[in-house]
Amino acid sequence: MREQLNYVLNEDKIIGKGPNDTLSMVFDGIKKLNKGEKHLKITCDNADTKFKCDGSFGLIKKLYRKTTVNCVNHFVEIVKKSSTVVLNKAQCYGNEKGLQYLDLDSV
């Protein structure tokens, strides 16, 4: 079954937007979603929900527009409730737990 892992980060806990941060989330997602597949196809774009691969994000965006959000936990609930077939999953990152940070400069 197709599923999408959405990383939810509190603005005051964001680790950054550079390659180390992005690849840390990609690597974490691969570990969490791996079910023994031999091939991996990754699609990257600028989060335009008009592309087929971003349809799941569009479901989140649609519900988000109709919901009052006061904290990260509210947004996590939006992600979970955005699809009826558990297509969207939320991966929280906070208090330096939940994500192994990779430093590519030290490799």
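Look up: the structure comes first, before these words.
What counts and what doesn't
Residues numbered from 1 in each chain as written. Predicted model: local features only at pLDDT ≥ 70, side-chain atom pairs only at ≥ 80, totals over all residues. Heavy atoms only, no water. Buried < 20%, exposed > 50% of the residue type's maximum accessible area, 1.4 Å probe, protein only. Helix = DSSP H or I, 4+ residues; strand = E, 2+ residues; numbered from the N terminus. Arc of directions from axis to C-beta. Contact = heavy atoms within 4.5 Å. Salt bridge = Lys/Arg side-chain N within 4 Å of Asp/Glu carboxyl O.

Before going further, it helps to spend a moment on helix H3 (residues 72–81). The periodicity of an α-helix, 3.6 residues per turn, causes residues three or four positions apart to be oriented the same way. Among the residues of H3, Val76, Ile78 and Val79 are the ones counted as buried. Buried residues of H3, viewed axially, fall in a sector of 155 degrees; they line one side. In H3, the exposed residues that point more than 90 degrees away from the buried face are Asn73 and Lys81. On the buried face of H3, the contacting elements are strand E1 (4–9), helix H2 (55–65) and strand E2 (88–93).

Before going further, it helps to examine the pattern of salt bridges. Under the counting rule described, the total for this entry stands at 2 salt bridges. Notably, a salt bridge pairs Lys32 with Asp28, separated by 3.1 Å at the nearest N-O pair. On the criterion of helical spacing, the pair formed by Lys32 and Asp28 is a turn pair, its members being 4 residues apart in helix H1 (residues 19–33). Of the residues examined, Asp28 reaches a relative accessible area of 4% and is grouped as buried.

That's the geometry; what it means functionally is another story.
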